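Fold and geometry: a report
Chain residues, written in single-letter form:
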Amino acid sequence: MKNGTAPKLTWKEALADKMASGLVEEIDNFETQMELRKQGKLDEKVFAELRLRRGAYGQRYDNGRRHDGEKSQEIPFPHNSLTKGPDTKWEAPGMQRIKIPFGGLTAAQMETLADVAEEYSDSILHVTTRQDFQLHFISLDDTPDMHRRLAAVGITTREACGNSVRNVTACPLAGVCRDEAFDVTGSANELAQFLLGHRDVQDFGRKFKTAFSGCQAHPCGLTSMHDLGLIAKTQVVDGVEQQGFEVYVGGGLGSVPHLAKLFADFVPLEELLPLSQAISRVFARYGEKKNRNKARLKFLVAQLGIDEFRRLVLEERETLEPDPRWTAWLESLPGYEESALPQPALGEALDLGDDFEKWKSTNVYRQRQAGFVTVTIALPLGDITSQQLRRLADITRRFTRDTARTTVEQNIVLRWIHEADLPALYAALGEIKLNAPGAETIVDVTACPGTDTCKLGIASSRGLAAQLRQRLAAKGWQYEEAVRDIRIKISGCFNSCGQHAVAEIGFFGSSRNVDGYRVPHFQLVLGGEWANNAVNFGQSLGAIPSKRVPEVVDHLLEMYMQGRQKGERFREYITRIGKTEIKAQLKPFTEVPPYQVDSSFYSDWADAREFSIGDIGVGECAGEVVSLTDFGIAAAEALHFDAQVVLEGGKDQARLDKAAALALQAMLSGAQALIKVQNIDIADQPDRIVQEFRQRFYETELFFDPYAKGKFAHYFFNAYEQRHASKDLDAVLRLIEEAGLFIEAAHACYTRLLESRPAVPVNPFANLLKAKPVKAVAV
């Protein structure tokens with residue numbers, strides 16, 4: 001005590017009796033691990049995985065460098081040699097992911113989330129497509145106290161990242177949905193708690209994602225794209241209705257989507273936990289560990305086949321030591337039942353006019369319980385400020401019994417609202433600017449963080465999403481019956497954090513080299529199906545300059561409005577007119593004007609920096625190589641497109657074989673194009689192309705993506721090795737997607753090669769070329 005003032009309590013001391021003992025120990029251990037890493041007593045790779053398992057993730061520029069539009073500049077961190085992982089500076093701001101099982105939130109949790117975002121972050125909380133919250137620009141040194149404050153209100157960050165069981169998601173309408181078999185809330189939360197920290201989920205090669213849905217028809221759960229997907233189902237046994245799940249395994253998006261396979265038609269509730277444990281053990285034992293690019297469960301299921309995988313799991317289930325927790329949780333299910341406040345909160349009579357009616361038409365869902373509704377609070381880009389969330393906690397208390405949830409479309413819902421309270425609720429939300437209409441419509445664009453904060457981002461997904469939302473809302477498309485249910489989803493790179501593959505209109509970030517400048521582009525993906533738990537994935541139709549994407553969306557919608565048949569949905573229209581017609585319609589939008597004519601194309605959305613300016617000096621010999629390589633990659637894109645078109649005519653085996661052959665030819669063309677940078681005389685022989693590509697671009701790591709490493713090269717090698725194997729539709733669709741990603745990687749590799757050239761007008765590859773100069777081919 002100094003001058004009669006008691007010493008200030010630390011958060012650890014102040015919250016000691018408010019946290020579960022298990023969480024206290026975990027956080028204390030992490031704090032110790034941080035100290036050991038600072039002292040150099042813990043390997044940076046080991047610490048990185050430990051950090052990830054606490055949800056503390058890396059963020060863009062954490063390698064200590066940032067490109068200013070002209071060159072890469074070093075960020076002068078005070079202790080530059082201290083790292084929190086390979087090539088990851090300790091003092092670089094990071095991201096904190098916070099697990100919210102099934103999306104369930106209380107008002108007290110909202111307040112704590114608002115507080116920690118305000119004190120440790122930038123006062124913005126981001127709702128993710130997995131019902132998590134993410135905070136950005138976090139100092140790692142602040143995380144232990146942040147974790148303690150979250151733990152005090154029942155929130156954990158454990159295993160929010162890393163090779164672990166990620167947040168267990170569930171339909172945000174569970175318990176109030178008009179079409180559900182039964183409420184999956186309790187099942188989702190109990191499985192999440194059972195698997196959290198379980199010894200059988202600690203040795204995965206990659207992450208494991210689980211989702212619950214109450215029905216087949218709606219996309220609230222998205223079970224088709226998860227490692228473990230569970231759809232509520234009932235059956236009558238001896239005259240008694242029994243609850244259980246239709247179980248799917250091996251789904252996933254990522255760079256190449258895999259549709260989940262049916263594991264069992266019906267699994268009773270009492271088998272949910274032991275079966276999930278058995279699946280986890282099989283994944284841990286047989287899953288890939290060395291090659292992260294093949295380590296997800298979807299690859300194991302594809303490799304073994306669903307029948308063999310099922311046999312291994314059921315065999316494993318029989319060997320498990322009985323655990324009383326498998327069935328004890330069933331007694332807690334009644335505790336998950338929700339109810340409304342006994343009386344409406346009401347308020348003064350309000351005349352809210354047409355805006356209120358428009359909001360009701362898009363943001364209000366009538367529950368199966370008469371007189372009650374669920375209200376969706378639309379969060380543009382999934383963002384909500386600390387001040388808004390704190391006020392939303394007050395609104396939650398006023399109108400509900402703590403019945404709020406996050407959604408996979410990056411919004412928040414308030415359930416069990418008295419219909420009579422809708423005017424007052426709308427007015428209250430309006431006071432904090434959270435009463436925007438258009439929730440879960442075409443204007444409710446989903447986007448991952450992209451180049452704002454993600455280390456893997458190629459293009460600005462959030463910048464584009466904001467532009468599209470503003471443009472579509474201004475045209476009132478959210479109220480147009482024909483298009484309101486179309487989903488637009490955007491990822492900043494080939495990974496699917498924005499879920500672009502399951503949207504009717506999807507985009508993922510890429511780039512192109514135009515006259516020596518790197519130009520932001522987005523690959524257009526069409527044909528996905530958001531409904532029916534996302535059972536159909538879209539396919540890429542080619543790259544669009546980022547600044548022309550809004551025009552492309554407008555054109556696609558106008559095409560559909562003018563050309564659709566009666567009752568024809570957007571996906572059906574796209575399938576009917578075919579990719580050839582669509583590509584012809586969109587060709588004018590693929591042109592990039594010269595930099596001197598319109599430099600805006602050479603910067604990204606919401607980013608004033610030049611996307612890339614390279615001092616590219618092109619000599620005569622380099623000009624020849626550039627032209628031939630450009631031609632080869634263009635030919636690869638054409639072959640890839642042809643492979644997609646073949647399947648529009650039917651899915652018989654002959655067409656499958658032809659499509660597969662074209663996809664492989666596309667890869668060969670892309671590989672040969674790159675080889676011409678170093679060997680202009682490369683033969684057309686496939687064996688020679690594969691051999692030289694391996695020697696010149698794989699073994700030298702020239703083709704390696706900075707983060708995916710040799711993943712896309714493996715697609716090529718595997719396709720060639722399996723060229724004679726018979727393939728079903730799923731395998732061919734995956735091969736086509738892999739070919740598209742290989743071509744994207746070829747573009748990126750070629751651009752890197754150009755940008756690494758010296759700023760003098762000479763051919764940087766002259767010492768590698770043996771052929772005499774030939775006349776440049778005009779593009």
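Everything here concerns the structure above.
So, a few notes on the structure that sits alongside this text. (Residues numbered from 1 in each chain as written. Predicted model: local features only at pLDDT ≥ 70, side-chain atom pairs only at ≥ 80, totals over all residues. Heavy atoms only, no water.)

**A short note on the overall build of the protein chain**
What counts, and what does not: To qualify as a helix, a DSSP run of H or I must reach at least 4 residues; to qualify as a strand, a run of E must reach at least 2; elements of each kind are numbered from the N terminus. Here's how the labels work: a residue is buried when its accessible area is under 20% of the maximum for its type, exposed when over 50%, partly exposed in between, all with a 1.4 Å probe on protein chains only. Contact between two residues is taken to exist if any of their heavy atoms lie within 4.5 Å; hydrogens are not considered. Shrake-Rupley sampling with a 1.4 Å probe provides the accessible areas, and residues are treated as covered by the protein chains on show and by no other component. Only four residue types enter the tally: Lys and Arg on the positive side, Asp and Glu on the negative side; His and the chain ends are excluded. A charge is said to be at NZ when it belongs to Lys, at CZ for Arg, at CG for Asp and at CD for Glu.
Helix and strand counts for the protein chain stand at 23 helices and 24 strands. Dimensions of the protein chain along its principal axes, counting C-alpha atoms only, are 85 × 75 × 65 Å. Out of the 779 residues in the protein chain, the part that is buried amounts to 57%. Taking the contacts inside the protein chain whose residues are at least 6 apart along the sequence as the reference set, 71% of them involve residues at least 24 apart. For the protein chain, the computed accessible surface area is about 32,300 Å², with 50% contributed by carbon and sulfur atoms. Averaging the coordinates of the 93 positive side-chain charges in the protein chain and doing the same for the 105 negative ones gives two points 3 Å apart.

**Observations concerning the sheet that holds strand 11 (residues 210-213)**
Counted only if it meets this: Pairing between strands is defined by DSSP: at least two bridges between the two strands are required. Between the N-to-C directions of two axes lies an angle of 0 to 180 degrees, each axis being a line fitted to C-alpha atoms and, for a helix, fitted only over the stretch in contact.
Spatially, 10-11-12-13-14 is the arrangement adopted by the 5 strands of the open sheet, whose pairing is mixed. The open sheet is flanked by strand 10 (169-170) and strand 14 (261-268), the only strands paired with a single partner. Sheet analysis places strand 10 next to strand 11, joined by 2 bridges and oriented parallel. Paired with A170 across the bridge in strand 11 is F212. Against the sheet, helix 7 (residues 272-286) touches strand 11, strand 12 (228-237), strand 13 (240-249) and strand 14, its axis set at about 150° to strand 14.

**Observations regarding the pairing of strand 22 (residues 505-514)**
Regular strands place side chains that alternate from one sheet face to the opposite one. Within strand 22, 9 of the 10 residues are buried, which leaves the element mostly enclosed by the surrounding structure. Sheet analysis places strand 21 (residues 488-491) next to strand 22, joined by 4 bridges and oriented parallel. If you follow I490 over to strand 22, its bridge partner there is F507. Pairing of strand 22 with strand 23 (residues 517-526), which is carried by 10 bridges, proceeds in the antiparallel orientation. Residue F507 lies in a different strand from strand 23, and its bridge partner there is L524.

**A closer look at the sheet that holds strand 1 (residues 56-57)**
Pairing is antiparallel in the open sheet, where 5 strands are placed in the order 1-6-9-8-17. Edge strands, defined here as strands with exactly one partner in the open sheet, are strand 1 and strand 17 (383-385). Sheet strands touched by helix 5 (residues 143-151): strand 6 (94-98) and strand 9 (133-138). Its angle to strand 6, the strand with the most contacts, is close to 20°.

**A closer look at the state of the cysteines**
Put simply, the rule is: Criterion for a disulfide: a pair of cysteine sulfur atoms within 2.5 Å.
Inspection of the entire model under this criterion finds 0 disulfides. Just so you know, C215 is unpaired, no disulfide at all, and the nearest cysteine sulfur is the one on C177, 4.9 Å from it. With no disulfide of its own, C493 lies 6.1 Å from the sulfur of C454, the closest cysteine sulfur.

**Brief notes about the pattern of salt bridges**
What counts here: The rule for a salt bridge is simple: a side-chain nitrogen of Lys or Arg has to be within 4 Å of a carboxyl oxygen of Asp or Glu.
Tallied over the entire structure, the rule returns 51 salt bridges. The residue K587 makes a salt bridge to E591 at a minimum N-O spacing of 4.0 Å. Taking the relative accessible area as the measure of exposure, E591 reaches 45% and is therefore partly exposed.

**Notes on the nonpolar core**
As a reminder, the rule being used: Definition of nonpolar core: a set of buried residues of the types Ala, Val, Leu, Ile, Met, Phe, Trp, Tyr and Cys, connected through side-chain atoms within 4.5 Å.
With 53 residues, the main nonpolar core has M667, L674, F693, F697, F703, F712 and F716 as its most contacted residues. At the level of elements, helix 19 (620-648), helix 20 (653-678), helix 21 (686-698), helix 22 (711-721) and helix 23 (729-755) are the ones that each hand at least two residues to this core. When near neighbours in sequence (up to four residues on either side) are disregarded, F703 contacts L674, F693, F697, K709, F712, A713, F742, A745, A746, C749 and R752.

**Notes on the packing of aromatic side chains**
Here a ring pair, both rings aromatic, is described through the centre-centre distance and the interplanar angle of the planes. Let me state the cut-off plainly: Pairs were defined over the aromatic rings of Phe, Tyr and Trp, the Trp ring being its six-membered one, requiring ring centres within 6.5 Å. Orientation was assigned from the angle between planes: stacked under 30 degrees, edge-to-face over 60, tilted for the rest.
Applying the stated criterion to the full structure yields 29 aromatic pairs. Pairing W359 with Y426 gives two aromatic rings, centres 4.9 Å apart and planes at 50°, and the pair type is tilted. A residue pair is termed long-range when its members are at least 10 positions apart, and W359 in helix 11 (residues 353-363) and Y426 in helix 13 (residues 422-431) qualify at 67 residues. Per residue, the accessibility class of W359 equals that of Y426, and both read buried. Both rings, one in Y517 and one in Y595, keep their centres 4.6 Å apart while their planes meet at 10°; by these two values the pair is stacked.

**Considering the environment of N536**
We count it as follows: Any N or O atom pair separated by 3.5 Å or less is treated as a polar contact, with the protein-specific requirement of one donor-capable and one acceptor-capable atom, and with residues adjacent in sequence counted only for side-chain atom pairs.
The residue N536 is located in the loop between helix 15 (531-534) and strand 24 (539-545) in this model. Using a relative accessible area of 27% as the deciding quantity, one classes N536 as partly exposed. In this structure, the C-alpha to C-alpha distance between N536 and V525, residues 11 residues apart in sequence, is 12 Å. Apart from the residues lying within four places of it in its own chain, the contact partners of N536 are A501, V502, G527, G528, E529 and R571. Separated by 2.5 Å, the side chains of N536 and E529 make a polar contact. Among the polar contacts made by the side chain of N536, one reaches the side chain of R571 at a distance of 3.4 Å.

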